Amino acid sequence: MHKPFYITTPLYYVNDNPHVGHAYTTVLVDSIARFQKIKDREVFFLTGTDEHGQKVFEAAGAKDRTPQEHCDLYVENFKSFWEKLGIEYDHFIRTTDEHHYNAVQHALKLLWDSEEIYQDNYVGWYCTPCERFWTEKDLKDGKCPDCGRPVEKLVEKNYFFRMSKYQDWLIDHIKSNPDFIQPESRRNEILGFLKSPINDLCISRPKERLSWGVELPFDKDYVCYVWFDALLNYISAPGWPDHPDRFEHLWPADFHVVGKDIITTHAVYWPIMLKALGIDPPESIFAHGWWMVEEAKMGKSLGNAVPIPKIINLFGKDAFRYYLIAEKVMALDTQFGFDSMIRRINNDLANDLGNAVRRVIGLIHQNFKGIIPEPDDATELEIALRESAIDATEEVNREVSNMRLSKAMEVANRLVREINRYLENTAPWNLAKEGKYERLATVLYNAAEALRIASILYWPVIPDSCNDIRFRLGIQEDKILLANGRDWGMLESGNKIATGKPLFPRIDEKKVIPILKGEDKEEKTDKGKNLVDIEDFFKAKLVVAQVLECVPAKNADKLLLLKIDIGKETRKLVAGLAKWYTPEELIGKKIIVIENLKPAKIRGHVSEGMLLAAEHNGKVKVLTPDEDLPAGSKIR
Ligand code: MSP
């Protein structure tokens, strides 16, 4: 039996909000994981946040928060961002999680006891933004060779990991495992790097300089270097060292997917750390290229210029996911542009895929009372369409196995264009006019069947839209399997189809680009009208709650004191509703509340949230869900 397919993203620093670069790696890993799922493989998809170290410490300080408070806030931004992008991870690790913290200390202790870690004086040059030490010869014009910023000279007692002693082993491992570092350009880069002797790695930071990190178990005046801590997440999350059975079941990881900026830490430090701990290395490390704006890598400032929530709001999350995956050859750098995004969505999704679905569903609706008809014998045209669909399935499988997802999307697009060409060649609209219903049934069945297969091929990248296509085709079963793409004829005649709005409405470039750039007139006048930006609106978390208890407040005759159930816990709420409701009328009612409002004191009573109510002509009524939904249901 196959072990689960274990794939990871890097752990993102919580010094800022997620941007396009983070979105890309995570959507990419989500899509690869979903491709495995449709191959019926069990998947373990790990992502999370890197919370220790200088960067996070400074970001918290700049906002007047403790590092822990800062992390607790920012981690939520990442989690809700992933939810908005439809990311289905299996585990979200935070490096401040107790289990991870203990695992890091355990690893340090093992390495200290086996003398893989030693103490020495460190003389070096430190780059604070990159959190890296450099030797004199690494520096470029006296500055950090990575970011070009000034560095600081430091001499201090520190702890070192004997990395250099494993250099030959690593070279050998890379050479004898051609897929270990992918793509080949990165493999060559690392082999080039390993031609010169590598240094031992300084893995400690004195607490007097940085207190925010995992304390060294053998010297309480030091914390662990943030990379040494963070890399260990890949083994701590699947259970090392406390849950050996689970760990054995999942390790080694099939893929660590990272950006090319962090290939050295992943392809040099990490396998050597594992080797010293006596643990097998991961199967593969894949480093993708960057999203760029003009000549620069998108990062904190440039990346934040792309208003992802606005994009999702305007085009839908699937369209954005599709752009990220279809536009970018994984290994290379790619320009990010609103023009290229709109062109892709319009051409591939609105014109080709959307159009094919609209035609097939529309014609079945008009001519067969919304029931998928029974096909008659296939002509050469149907046989060719079937061959195309089966070939496309094989090809997509091959491209994904070779980590070429943009190619896989090209193959799926080609199949959709075949379907449209088939419709043009068979002209079902004319068959309908001429009353040739038998032939019409055959054509529409075959086109619908090819669409079913296309919906499997696209599903990992645009899952919701594909679920929608399947729903429109009346397909009941939930499990989507790539193998079914080779089983021509699975679509059941007699299925009741569903009509609906266009899957991907055509985007009017002239209208949306000013909105995306924040230059639209509306937006400018919005400011005057006090309109709320969608990003701000999404900050409020609304949920369904049930009123458990309700009593009048003794010291304020307008107030009622409520105890409510919000699914995961109970809360106290103060509401100025006494004029409109008796306590009995409210008890048991399902209401809508803002869950993440800062608690406030109203006439001495703490209110941990706020309920929504509407007012008309001086009358106030609480808002309730249209159907009886459980407490804790999220409002989207
Ligand atoms: N915390 C470390 C990783 C530790 S992993 C044990 C880190 N975090 S990060 O927040 O800076 O995220 C880096 C990752 O974000 C990159 O490796 C890459 O996956 C993604 N990207 C950030 N900017 C990017 C682009 N402009 N383009 C594509 N992806 C990039 O490094």
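Since this is a predicted model, take the numbers as computed values, not measurements.

### So, helix 20 (residues 509-516)
Side chains of residues three or four places apart in an α-helix project in the same direction, reflecting 3.6 residues per turn. Of the residues making up helix 20, those classed as buried are Val512, Ile513 and Leu516. Along helix 20, the residues classed as buried sweep out an arc of 105 degrees about the axis, all on the same side. Exposed positions of helix 20 whose direction lies more than 90 degrees from the buried face are Lys510 and Lys511. Residues of helix 20 that are buried sit in contact with helix 12 (308-315) and helix 14 (338-367). A side-chain oxygen of the first residue of helix 20 lies 3.1 Å from the backbone nitrogen of Lys510; this N-cap is Asp508.

### Description of the side chain of Asp352
In this structure, Asp352 sits in helix 14. Of the side chains with opposite charge, Arg417 lies nearest to the buried Asp352, which makes no salt bridge, at 4.1 Å. Those residues in contact with Asp352, other than ones at most four positions away along the chain, are Asn347, Val416, Arg417 and Asn420.

### Brief notes about the pairing of strand 24 (residues 613-616)
In the sheet, strand 24 pairs with strand 25 (residues 619-622) via four bridges, with the strands oriented antiparallel. Across the sheet, Ala614 pairs through a bridge with Lys621, a residue of strand 25. If you look at the hairpin formed by strand 24 and strand 25, you'll find two residues sitting between the two strands, and Asn617 has a positive phi there, around 45 degrees.

### Some words on the domain arrangement of the chain
What the domain assignment reports for the chain is domain 1 (337-529) and domain 2 (534-622). Placing a centre on the C-alpha atoms of domain 1 and another on those of domain 2 gives a separation of 46 Å.

### Some points on the site of the ligand
Lining the immediate environment of the ligand, one finds 25 residues, of which Leu11, Thr25, Asp50, Trp291 and Met298 sit closest. In this structure, Gly259 approaches the ligand through a main-chain N or O atom, which is 3.0 Å from an oxygen atom. Measuring from an oxygen atom of the ligand, one finds a side-chain N or O atom of His288 at 3.5 Å. Contact with the protein chains covers 95% of the free accessible surface of the ligand, which is 670 Å². Contributions of two or more residues to the shell around the ligand are made by strand 1 (5-13), helix 1 (20-37), helix 7 (226-231), helix 8 (233-236) and strand 12 (255-259). Take the shell around the ligand: its biggest share by element is four residues, from strand 1. Counted by class, the shell around the ligand contains 13 nonpolar, nine polar and three charged residues.

### Considering the packing of helix 13 (residues 317-327) against helix 19 (residues 463-472)
The interhelical angle for the contact between helix 13 and helix 19, taken along N-to-C directions, is 120 degrees, at an axis separation of 7 Å. Our classification of the angle between helix 13 and helix 19 gives oblique. Contact residues: Lys317, Asp318 and Arg321 in helix 13; Pro463, Asp464 and Ser465 in helix 19. Partitioning the contact of helix 13 with helix 19 into residue classes produces one nonpolar, one polar and four charged.

Procedures and definitions
Residues numbered from 1 in each chain as written. Predicted model: local features only at pLDDT ≥ 70, side-chain atom pairs only at ≥ 80, totals over all residues. Heavy atoms only, no water. Buried < 20%, exposed > 50% of the residue type's maximum accessible area, 1.4 Å probe, protein only. Helix = DSSP H or I, 4+ residues; strand = E, 2+ residues; numbered from the N terminus. Arc of directions from axis to C-beta. Contact = heavy atoms within 4.5 Å. Polar contact = N/O pair within 3.5 Å; in protein donor to acceptor, adjacent residues only side chain to side chain. Lys, Arg positive; Asp, Glu negative; His and termini not counted. Salt bridge = Lys/Arg side-chain N within 4 Å of Asp/Glu carboxyl O. Pairing = 2+ DSSP bridges. Domains from an automatic or database assignment. Near = heavy atom within 4 Å. Areas by Shrake-Rupley, 256 points an atom, 1.4 Å probe, with all protein chains shown as cover. Nonpolar A, V, L, I, M, F, W, Y, C, P; charged D, E, K, R; others polar. Axes fitted to C-alpha atoms, helices over the stretch in contact; angles between N-to-C directions. Parallel < 35°, antiparallel > 145°, perpendicular 65-115°, else oblique.

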